[in-house]
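Examining the three-dimensional arrangement
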Amino acid sequence: MSEKIHHGRNIKRFREMMGIKQEALAFELGPEWSQKKISLLEQREEIEEELLRQVGEILQIPVEAIKKFDEEQAVTVISSTFNDNSSVVNKNPIFNPVDQLLKLHEEKIALYERMLKEKDEMMARLEKLLER
């Protein structure tokens, strides 16, 4: 038997993942909302469709995500994905990290040289303007 999805807890999870404070969510919902009211909202198991729609728009997530996200199922999927002691770290990258660093360094130098050239051109234009 599956448990009911807790809408309020899911709103809290998504809000926190996005780094949005309760005060900010309250502000976006309108003047009748406060941090305390958001806190109470996040404790409610079921939330009416229209309010879920508003919160979904503010958090930029589908209402279905709030209504159907189940943390236990997510943990089960993640744990079954890595049950063979595999790792997220690729020990044999298909690129050489040193080459990547050198490439970034060369791009940085090229950018710096372009900026110096533009500065010199700007100075020359300003000197011409001052000579007039």
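The structure this text deals with has already been given above.
Residues numbered from 1 in each chain as written. Predicted model: local features only at pLDDT ≥ 70, side-chain atom pairs only at ≥ 80, totals over all residues. Heavy atoms only, no water.

A count of helices and strands for the chain gives 7 helices and 0 strands. Counting helices and strands in the order they occur from the N terminus, the chain gives α-α-α-α-α-α-α. Counting over 132 residues, the chain shows a buried share of 20%. Nonlocal contacts in the chain, meaning residues at least 24 apart in sequence, comprise 64% of its contacts between residues at least 6 apart. About 10900 Å² of surface is accessible on the chain, with carbon and sulfur atoms providing 56% of the total. (Helix = DSSP H or I, 4+ residues; strand = E, 2+ residues; numbered from the N terminus. Buried < 20%, exposed > 50% of the residue type's maximum accessible area, 1.4 Å probe, protein only. Contact = heavy atoms within 4.5 Å. Areas by Shrake-Rupley, 256 points an atom, 1.4 Å probe, with all protein chains shown as cover.)

Where nonpolar side chains cluster on the molecular surface, the patch consists of Met122, Met123, Leu126 and Leu129 and spans about 380 Å² of accessible area. Note on Leu126: relative accessible area 41%, which makes it partly exposed. (Patch = residues over 30% accessible without salt bridge, like charges linked within 9 Å, V, L, I, M, F, W, Y side chains within 5 Å. Salt bridge = Lys/Arg side-chain N within 4 Å of Asp/Glu carboxyl O.)

This paragraph deals with helix α4 (residues 49-59). Taken as a whole, α4 has its buried residues at Leu51, Leu52, Val55, Gly56 and Leu59. Viewed along the axis of α4, the buried residues span an arc of 135 degrees, placing them on a single side of the element. On its buried face, α4 is in contact with α1 (7-17), α2 (22-29), α3 (35-41) and α5 (63-68). With its phi angle positive at about 60 degrees, Gln60 sits one or two positions after the end of α4. (Arc of directions from axis to C-beta.)

Pairs can form between side chains of opposite charge whenever their charged atoms are close. A full pass over the atoms with the stated rule returns 9 salt bridges. Measuring nitrogen to oxygen at the nearest pair gives 2.9 Å for the salt bridge that ties Glu49 to Lys67. Highlighted residues: Glu49 in helix α4 and Lys67 in helix α5, separated in sequence by 18 residues. Assessed through its relative accessible area of 25%, Lys67 is described here as partly exposed. Of the charged contacts in the structure, one is a salt bridge between Glu50 and Arg53, with a shortest N-O distance of 2.3 Å. In this pair, Glu50 and Arg53 both sit in helix α4, 3 residues apart, roughly one turn of the helix.

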